[in-house]
Amino acid sequence: MGRARLVHERVYQVGGSSLSDPRDCMVYLLVTKDLDLVLIDCGAGPSFDAIVRTIEGSDLDPRSIKDLVLTHGHIDHIGAASEFVKAYGCKVIAHEEDLDAIEGSNMLKTAADWYSLDYRPVKVDDVIKKEEETRTVGDLELHFLHTPGHTPGSMVVYLNIGSKRILFGQDIHGPFDPSFESDIEKWRASMKKVLALKADILCEGHFGIYYGKDKVEEFIQGHLDGMH
Ligand SMILES: [Zn+2]
Ligand SMILES: [Zn+2]
């Protein structure tokens, strides 16, 4: 079992390729003042138990997961969603433009076949529709910024804790493929919006965690430059 990594005060990494399953995206957990939990993405599915044990191993109670944010409709991010909902009754939040993948009407767009996994669809309870929306969970204010490109319904999540802005940019690096309706021009525009957030910490979907405004900018700008 992997041990949760403390990313920042009240932010943990509880899943990922070296932590829970090689197929998993990096899975993050936010803790409110009252110890309610927000899970940001949930891995490819087979590692559900491993992620739960990692949360418990950090002296947090998975039954306190109130919200599950799905940053986009790829299986490595949404595979365990149905199990988390069944086990803990958490509310699912996602962007409307990836509902077809998450709710199961467009299986191709989940990329499940790339991973040779079966995806069990889940219903989205709270649909993000605007360019930017906020939700209050306990004392945390979560911002959802629509960042189409990798997929049409990709979004980043950010919040301010103390003087630090923490950005969850799952798969802002790409990749891009027609089967999941990628759009490079939209991605470029999205990355400019993400750069403008001037985040202090970037929690990426696969590449790792970047500390410091300079490192965050370097990661995003490097990918923008690399696409020329
Ligand atoms: Zn991914
Ligand atoms: Zn993806």
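One can find the structure itself at the top, above this paragraph.
A brief look at the structure comes next.

Here is what the cut-offs are and how they apply
- Residues numbered from 1 in each chain as written.
- Chains lettered and ligands numbered in written order.
- Predicted model: local features only at pLDDT ≥ 70, side-chain atom pairs only at ≥ 80, totals over all residues.
- Heavy atoms only, no water.
- Donors = N, O, S within 2.8 Å, 3.2 Å for Na, K, Ca; no water.
- Helix = DSSP H or I, 4+ residues; strand = E, 2+ residues; numbered from the N terminus.
- Buried < 20%, exposed > 50% of the residue type's maximum accessible area, 1.4 Å probe, protein only.
- Disulfide = S-S within 2.5 Å.
- Pairing = 2+ DSSP bridges.
- Axes fitted to C-alpha atoms, helices over the stretch in contact; angles between N-to-C directions.
- Contact = heavy atoms within 4.5 Å.
- Core = buried A, V, L, I, M, F, W, Y, C linked by side-chain atoms within 4.5 Å.
- Tetrahedral: all angles 85-135°; square planar, octahedral: opposite > 155°, others 65-115°.

Moving on: the coordination of the zinc ion (ligand 2). Protein coordination at the zinc ion (ligand 2): the donors are H72 (NE2), H74 (ND1), H150 (NE2) and D171 (OD), at 2.1 to 2.2 Å from the metal. If you look at the zinc ion (ligand 2) and the zinc ion (ligand 1), they sit 3.5 Å from each other and are both ligated by D171. Of this pair, H72 sits in the loop between strand 5 (65-69) and helix 2 (75-78) while H150 sits in the loop between strand 9 (140-146) and strand 10 (155-161), and the two are 78 residues apart along the sequence. With respect to class, H72 is no different from H150; both count as buried.

Take the state of the cysteines next. Simply put, disulfide is the name for a covalent bond between the sulfur atoms of two cysteines. Across all of its chains, the model carries zero disulfides by this definition. In this structure C42 is not part of a disulfide, and its nearest cysteine sulfur, from C25, lies 7.2 Å away.

Before going further, it helps to examine the sheet that holds strand 5. Reading across the sheet, the seven strands line up as 1-2-3-4-5-6-7 and stay open at both edges, with mixed pairing between neighbours. In the strand order of this sheet, the two ends are held by strand 1 (5-8) and strand 7 (126-128), each with one partner. For this sheet the average axis-to-axis angle between neighbouring strands, irrespective of direction, equals 25°. In terms of strand pairing, strand 5 meets strand 6 (residues 91-95) through three bridges, oriented parallel. Considered in strand 6, the bridge of V69 is made with I93. Each of strand 2 (11-15), strand 3 (27-31), strand 4 (37-40) and strand 5 touches helix 1 (residues 48-57); the most contacted strand, strand 2, lies at about 145° to it. Docked against the sheet, helix 3 (residues 81-88) engages strand 4, strand 5 and strand 6, running at close to 165° with respect to strand 5.

This brings us to the nonpolar core. Residues V14, L39, I55, L68, L70 and F84 are the most contacted members of the largest nonpolar core, which totals 35 residues. Residue contributions to this core peak at four residues, all from helix 1. Membership of the second largest hydrophobic core comes to 23 residues, among which are V7, M26, V38 and L159.

Among the residues of helix 1, those classed as buried are F48, A50, I51, V52, T54 and I55. Looking at the buried residues of helix 1, the elements they touch are strand 2, strand 3, strand 4, strand 5 and helix 3. Positive backbone phi, approximately 60°, marks D59, located one or two places after helix 1.

This part takes up the coordination of the zinc ion (ligand 1). Protein ligation of the zinc ion (ligand 1) involves D76 (OD), H77 (NE2), D171 (OD) and H206 (NE2), the donor distances falling in the range 2.0 to 2.2 Å. Around the zinc ion (ligand 1) sit four donor atoms, and with donor-metal-donor angles ranging over 84 to 153° the site reads as irregular. Between consecutive donors of the zinc ion (ligand 1), the numbers of intervening residues give the motif D-H-x93-D-x34-H.

Moving on: the environment of G149. Relative to the helices and strands, G149 resides in the loop between strand 9 and strand 10. Owing to a relative accessible area of 3%, G149 belongs among the buried residues under this scheme. Beyond its immediate chain neighbours, meaning those up to four positions away, G149 contacts F176, S182, D183, K186 and W187.

Below, the discussion takes up the pairing of strand 2. Across the five residues of strand 2, five count as buried, placing the element largely inside the fold. Summarising the sheet, strand 1 and strand 2 pair through three bridges and their orientation is antiparallel. Residue pairing across strands places H8 opposite V11, the latter belonging to strand 2. Counted between consecutive antiparallel strands, the loop separating strand 1 from strand 2 contains two residues, among which R10 sits at a positive phi close to 70°. Bridging between strand 2 and strand 3 involves four bridges; their strand directions are antiparallel. Residue pairing in the sheet places Y12 in a bridge with L29 of strand 3.

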